[in-house]
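Fold and geometry: a report
The primary structure of each chain is shown beneath.
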Amino acid sequence: DDDIAALHDIWERYKDDLTWPWYEQKPIFSDDDYETFRGIAQVVVDALVAEYKQPMVLDQATISNTNHIGHPPHADNVKFDS
């Protein structure tokens, strides 16, 4: 599938192993990569809207990398009450 190939290409360019980071700072997506990645992520959101009949918006999408034994301990989308 073209979308899978596009995502893999983007992942190859921007992947960062959290156990062995090699960026001094996160890279900025090229305009083409951003539009491609956002467009594919929006397809997922649109499918969820169709399934659940609820309005939804794309607010975050992530490219992640893991090693052969999985992610190191970490937390995603943590909300702290104040």
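Up top is the structure these notes are about.
Remember, it's a predicted structure, so these values are computed and weren't measured experimentally. (Residues numbered from 1 in each chain as written. Predicted model: local features only at pLDDT ≥ 70, side-chain atom pairs only at ≥ 80, totals over all residues. Heavy atoms only, no water.)

With respect to the overall build of the protein chain
Heads up, the rule is: Each helix is a run of DSSP H or I of at least 4 residues and each strand a run of E of at least 2, with the numbering of both proceeding from the N terminus. Burial here depends on accessible area, computed with a 1.4 Å probe over protein chains only, as a share of the maximum for the residue type. Under 20% is buried, over 50% is exposed, and the range in between is partly exposed. Between two residues, a contact is recorded if the distance between any of their heavy atoms is within 4.5 Å. Using a 1.4 Å probe, the Shrake-Rupley method yields the accessible areas, and only the shown protein chains count as cover for residues.
Looking only at helices and strands, one finds two helices and zero strands in the protein chain. Relative to its full complement of 82 residues, the protein chain shows a buried share of 16%. Across the protein chain, the fraction of contacts at a sequence separation of at least 24, relative to all contacts at a separation of at least 6, is 43%. For the protein chain, the accessible area works out to roughly 7,200 Å², and carbon and sulfur atoms hold 55% of it.

Side note on the pattern of salt bridges
As a reminder, the rule being used: When a carboxyl oxygen of Asp or Glu lies within 4 Å of a side-chain nitrogen of Lys or Arg, that pair is called a salt bridge.
A complete count under the given rule lists one salt bridge for this structure. The partner of D33 in a salt bridge is R13, and the shortest N-O contact between them spans 2.8 Å. Taken together, the positions of D33 in helix 2 (residues 31-52) and R13 in helix 1 (residues 2-14) put the pair 20 residues apart, joining distant regions of the chain. A relative accessible area of 45% places R13 in the partly exposed class.

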